[in-house]
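Commentary on secondary and tertiary structure
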Amino acid sequence: MSASSRISTAMRRRALAAAAAAVLATALAACGSSGSGGHGAMPGTHHGAMPSASGAATATATATSGMPGMPGMGATAGGDGLSDHADGYRLTSAATTLPAGTPAPYRFTVAGPDGRPVTAFRVDQTKRLHFYAIRSDLTGFQHLHPVMAQDGTWTARPAALAPGSWRMFAAFTPAAGPGAGTAFVLSRPVTVPGAATATPLPAASSTATADGYTVTVKGDLMAGMEHPLTVHLATSKDGRPVTGLQPYLDSYAHLTAFHEGDAAFAHLHPATAVDGGSGGPDLSFHAELPKPGNWRMFLQFRAAGALHTAALTLRVS
């Protein structure tokens, strides 16, 4: 073989080796990125996640949660919350019924992929776990922050429930284990015995009133796409803009939505940062609702030293 042939053969071998290395690197990168599960954060819909500063379990969460986040930069709860399990995590409870007309505790645990109760959680909007109760007709909304015992048992104490079918949601982010840093929303149904009368869902409207305040929502929403949503608050009596909003859960307002028909869950994440002063009258949210149809939205805000909840129906195309 001539010298020129040997050089040409060597060059072809080096080229083939480089191509094989590139294919192998691509495959390894794909494998490394596929282990986050189906409940990771959706683009553009993040909010704060910071280590907790209270309790022994919180100390564990602080030690394992990594670098604390800032408002607008944490993980978002994925999925619609209509299942009691996801990616090895399961919401468990012995309670399938709760009494009507009288407060009663609802106890539950979050079991990890190893089957053991999870006790280390990241803090999201100042809480390790957010609990929601909603009736099938989207009435009776309650947003609570239960207490966790050392064995991982949570106790929520909803106010008296009306007869009917209810769904109990738990939104959380594990601080350790295979799901560390991933936000989950899981739920379980509960029946409240008695004669149940369904309340028709109010018609879609961009305005609602609550406790002397008028809430106006602006934004064209399409299912599966992120859109900006703006909330304007004014006094109902004379329409004056409200500029004295006080922080609530590390934001100036908390916005939760439930889908008509199946009660699918969505948390609309605040884009207006708390700067240490008063908020309002305009607040911005990242809105990404997974399904078309009517969504019942519950806006919680603190003004004049009290927590207020305004509800309105929005149509998503």
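Everything quoted here is computed from the prediction, not taken from an experiment.

Some remarks on the packing of aromatic side chains
- Enumeration over the complete set of coordinates arrives at 17 aromatic pairs.
- On the numbers, 4.8 Å between centres and 40 degrees between planes, the contact of Tyr89 with Phe184 is tilted. Pair noted here: Tyr89 is in strand 3 (residues 89-92) and Phe184 is in strand 11 (residues 184-192), with a separation of 95 residues, a long-range link. By the burial criterion, Tyr89 is buried, and Phe184 matches it.
- In this structure an aromatic cluster arises from ring pairing among Tyr89, Tyr106, Phe108, Phe121, Phe131, Trp154, Phe172 and Phe184.

A closer look at the sheet that holds strand 10 (residues 164-172)
- Spatial ordering of the open sheet is given by 7-6-10-11, a layout of 4 strands whose pairing is antiparallel. At either margin of the open sheet sits one strand with a lone partner, and together these are strand 7 (142-144) and strand 11. Strand-to-strand twist across the sheet, computed as the mean angle between neighbouring axes with direction ignored, equals 20 degrees.
- Sheet topology places strand 6 (residues 129-135) next to strand 7; 3 bridges connect them, and they run antiparallel. Its bridge partner being in strand 7, Phe131 is matched across the sheet by Leu144.

Re the pairing of strand 12 (residues 207-210)
- Residues Ala208 and Ala210 of strand 12 are buried on one face, while the alternating residues Thr207 and Thr209, pointing to the opposite face, are not.
- Summarising the sheet, strand 12 and strand 13 (residues 213-218) pair through 4 bridges and their orientation is antiparallel. Within strand 13, the position partnered with Ala210 by the bridge is Tyr213.
- Where strand 12 folds back onto strand 13 in an antiparallel hairpin, the turn is made up of 2 residues, including Asp211, whose phi is positive at roughly 55 degrees.

What to know about the sheet that holds strand 2 (residues 85-86)
- Taking strand neighbours across the sheet as the criterion, the 5 strands line up as 2-3-4-9-8 in an open arrangement whose pairing is antiparallel. Of all strands in the sheet, those with a lone pairing partner are strand 2 and strand 8 (147-148), marking the two edges.
- When strand 2 meets strand 3, the two strands line up antiparallel, connected through 2 bridges. The residue of strand 3 that forms the bridge with His85 is Arg90.

Thresholds applied
Residues numbered from 1 in each chain as written. Predicted model: local features only at pLDDT ≥ 70, side-chain atom pairs only at ≥ 80, totals over all residues. Heavy atoms only, no water. Phe/Tyr/Trp six-rings, centres within 6.5 Å; stacked < 30°, edge-to-face > 60°. Helix = DSSP H or I, 4+ residues; strand = E, 2+ residues; numbered from the N terminus. Buried < 20%, exposed > 50% of the residue type's maximum accessible area, 1.4 Å probe, protein only. Pairing = 2+ DSSP bridges. Axes fitted to C-alpha atoms, helices over the stretch in contact; angles between N-to-C directions.

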